[in-house]
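# Architecture and fold: a report
The primary structure of each chain is shown beneath.
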Amino acid sequence: MATTVLDSALFRDCFGTPRMRTIFEDRALLARYVEAEVALARAQGRCGVIPQEAAQEIAARSNADALDLEVLRRETETVGYPILPLVHQLAKMCGEAGRYLHWGATTQDIMDTATVLQVRDALALIESELADLRSILVRLAKRHRDTPMAGRSNLQQAVPITFGYKMATILAAFERHKQRLAELEARVFVFEFGGAAGTLSSLGKDGLRVQAELAKELGLAQPEIAWHTVRDRIAEVGCFLGLVTGICGKIALDVKLMMQTEVEEVYEPFHEGRGSSSTMPQKRNPISSVYITALTSGVRQHVAALPDAMVEDHARATGPWEIEWIVLPEIFALSAGALAQTRFLLTGLQVDEKKMRANLDITRGLIVSEAVMMGLGPHLGRQYAHDLVYDICRKVIATGRPLLDLLAEDKEIAKHMNRAELAKLVDPANYLGVAGEMVDRVLAMRKASSR
C-alpha cells in the first residue's frame with residue numbers, strides 16, 4: 001500500500017516522474033547490488049585473486065530477478081543490512097563458484113557503489129531536464145528580448161525591465177547548473193571498495209590492482225582512498241539538487257505573483273479543467289507553481305540532512321550513513337518532479353505583453369521617476385534633482401495626475417526641458433538600460449557552451 005505522495009497512485013506523477021522512480025525502486029537497487037558483486041568477481045578473476053572460472057560462473061548465474069524478496073526482507077531486518085542476505089542467495093545460484101563471491105569486500109563497499117551507479121543514472125535524467133529547460137528559456141528570452149514590463153523590488157514597481165531579461169537571468173542560472181553538474185561528476189562518479197576499514201587488507205598487495213580492474217568494469221573512477229565515512233560526494237549531489245530546484249522555486253513564485261488577478265501578466269498553460277476551483281467557477285489557479293513550491297521545499301528539507309550524515313564516527317559509522325538511505329532517493333524523486341513541473345509550466349507559459357505594458361502605466365509615470373531624476377541631474381545636480389522629483393512624485397500620489405503633466409508645469413524644470421523632451425523621459429520603453437544587450441550576452445554564452 002502507498003503511504004507517501006511519491007508512491008501514491010493519485011499523486012506520484014504530480015510529485016515525481018516514472019523514470020526517476022524506476023532508478024530507485026527495490027528491484028533496480030538489488031540489480032545494482034548484483035552488478036557490483038559481479039563486477040568485483042570479474043575484476044578479481046582477471047587479477048588472479050579468485051579463479052577465472054569462478055568469476056565467469058558468478059557473472060553467468062547471478063540473477064537479480066531471481067532473488068526472493070520476502071526472504072531478503074526478513075533476513076535484512078535480522079542482519080540490519082541487505083548485502084549478507086543477498087550474498088547468501090547469490091551463492092546458492094552460483095553453486096561452487098559462490099564461495100568466491102564478495103571476496104575481500106564489506107557491505108558498505110557494495111551499497112555505496114550501488115548508490116553511485118544509481119546517482120549516475122539519476123543525474124543523467126536531471127541533465128536531460130536541464131537541457132530542455134535551457135532550450136525553453138532561450139526561446140522565451142529571444143522572443144521577449146524587448147518586451148517591456150515592470151521590474152519589481154520589495155513587491156513594488158521599481159524600474160522597467162524586459163520579460164526577456166527576466167527569463168535570461170534564469171537561463172544564466174541554469175547555464176551555471178550545467179557547469180556545476182559537469183564539475184561534480186568527476187568527484188562523485190567514484191565507486192567504493194576498501195574492505196573492512198578501507199585499507200583492503202584482506203587482499204594484501206592485490207588490492208589496488210583489483211580496484212583498477214573494478215573501475216574498468218563499472219565505468220566509474222577508482223577512489224584515491226576509501227570514503228566510507230567521508231561523505232562529501234553524496235552531500236555535494238544533494239546540495240547541487242537543492243540549488244537546481246531552488247531556481248525552479250523562484251520561477252514558481254514569480255509566476256504565482258504574476259498570475260494574480262490584479263497583475264495578470266503571465267498564466268500557466270491552460271487546458272480544460274486545469275486550475276479549476278470546486279466552488280468558484282471563475283478561478284484559474286496556478287497548479288504547477290503550487291507543486292513546484294512544495295517540491296522544492298521538500299528537497300531543501302531533505303538536503304539539510306546530508307551535512308548531518310557527514311558527521312560520521314571513525315572508519316565505519318553508527319547511524320549517519322543510514323540517513324542517506326532515507327533522503328537521497330526522495331531528493332532525486334522530488335527534484336525530478338520539480339523539474340518536470342517547471343518544464344511543463346515554461347513550455348506553455350502564456351505571456352500577456354499588453355497587460356505588461358498596461359501595468360507600466362498604472363503609477364501614472366512614477367516607475368520612471370529615476371529616469372527623470374537622471375535626465376535632470378546634468379542641469380540641476382543629482383541630489384537636487386532627486387529631491388525635486390521626489391516632491392513631484394508625492395503630488396502625483398496625492399492628486400492622481402500624471403507625472404508628465406506635473407513635470408511640465410514645474411517652472412524650474414521648464415527652464416531646461418520642454419514637454420516633448422520630458423515625454424521621452426517618462427516613456428518606460430526608453431528606460432530599459434542595457435537589458436537587451438544583457439540578454440544577448442547570456443544567449444551568446446549559451447551558444448558557446450553548446451559547441
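Here the residue numbering is sequential within each chain, running from 1 through the sequence in written order. Whole-chain, interface and lining totals are the exception, using all residues; otherwise, since this is a predicted model, local features are given only for residues with pLDDT of at least 70 and side-chain atom pairs are given and counted only at 80 or more. Only hydrogens and water are set aside when side-chain values are computed; all heavy atoms of the structure are taken into account.

### Some points on unusual backbone geometry
- Positive phi outside glycine occurs at N154, with the angle close to 55°.
- The way it works is that DSSP assigns letters per residue, a run of H or I at least four long becomes a helix, a run of E at least two long becomes a strand, and they are numbered from the N terminus. Inspection of the secondary structure puts N154 in the loop between strand 1 (148-153) and strand 2 (156-162).
- Among the residues examined, N154 registers a relative accessible area of 73% and is labelled exposed.
- Positive phi values are uncommon outside glycine, yet E264 reaches one of about 55°.
- Assignment of secondary structure puts E264 in the loop between helix 10 (232-258) and strand 3 (266-267). Buried residues are those whose accessible area, probed at 1.4 Å on protein chains only, stays under 20% of the maximum for their type, while exposed residues exceed 50% and partly exposed ones sit between those limits.

### Some points on the side chain of T147
- Topologically, T147 is positioned in the loop between helix 7 (107-143) and strand 1.
- Polar contact is the term for a pair of N or O atoms within 3.5 Å; when the atoms are in protein, one must be able to donate a hydrogen and the other to accept it, and sequence-neighboring residues count only if both atoms are side-chain atoms. A polar contact is formed between the side chain of T147 and the side chain of H144, at a distance of 3.2 Å.

### What about the packing of aromatic side chains?
- Two aromatic rings from Phe, Tyr or Trp, using only the six-membered ring of Trp, form a pair when their centres are within 6.5 Å; if the ring planes differ by under 30 degrees the pair is stacked, by over 60 it is edge-to-face, and anything between is tilted. Applying the stated rule across the entire model yields seven aromatic pairs.
- Ring geometry for F15 against Y291: centres 5.0 Å apart, planes inclined by 90°, an arrangement best described as edge-to-face. Of this pair, F15 sits in helix 1 (residues 12-15) while Y291 sits in helix 11 (residues 288-303); the two residues are 276 residues apart in sequence, bridging distant segments of the chain.
- Residue classification places F15 among the buried positions, given a relative accessible area of 14%.
- Joined through ring pairs, the aromatic side chains of F11, F15 and Y291 make up one cluster.
- Charge over a ring is defined by NZ of Lys or CZ of Arg lying within 6 Å of the ring centre and within 35 degrees of the ring normal. In this structure, R394 is placed above the aromatic ring of Y390, and the distance from its NZ or CZ to the ring centre is 4.5 Å.

### Some points on the packing of helix 11 against helix 13 (residues 320-347)
- Between helix 11 and helix 13, the shortest axis-to-axis distance is 9 Å and the interhelical angle comes to 155°. Classified by the angle their axes make, helix 11 and helix 13 are roughly antiparallel. Crossing geometry of helix 11 relative to helix 13 is assigned as left-handed. From helix 11, S288, S289, Y291, I292, L295, T296, G298, V299, H302 and V303 reach across to helix 13, where they touch V327, E330, I331, L334, S335, G337, A338, Q341, T342, F344 and L345.
- A per-class count over the contact of helix 11 with helix 13 returns 11 nonpolar, nine polar and one charged. Convention adopted: a line fitted to C-alpha atoms gives each axis, helices being fitted over their contacting stretch, and angles between N-to-C directions are expressed from 0 to 180 degrees. Oblique is the label for any angle not covered by the other classes, which are roughly parallel (under 35 degrees), roughly antiparallel (over 145) and roughly perpendicular (65 to 115). It is the rotation of the near helix from the far one that decides the hand of a crossing: anticlockwise by less than a right angle makes it left-handed, clockwise makes it right-handed. The contact definition used throughout considers only heavy atoms, calling two residues in contact when any of these lie within 4.5 Å. Residue type decides the class: Asp, Glu, Lys and Arg count as charged, Ala, Val, Leu, Ile, Met, Phe, Trp, Tyr, Cys and Pro as nonpolar, and the leftover types, Gly among them, as polar.

### Considerations on the environment of C14
- Note that C14 resides in helix 1.
- Sequence-wise, C14 and T4 are 10 residues apart; in three dimensions their C-alpha atoms are separated by 12 Å.
- With residues up to four places along the chain from it excluded, the contact list for C14 reads Y291, L295 and Q341.

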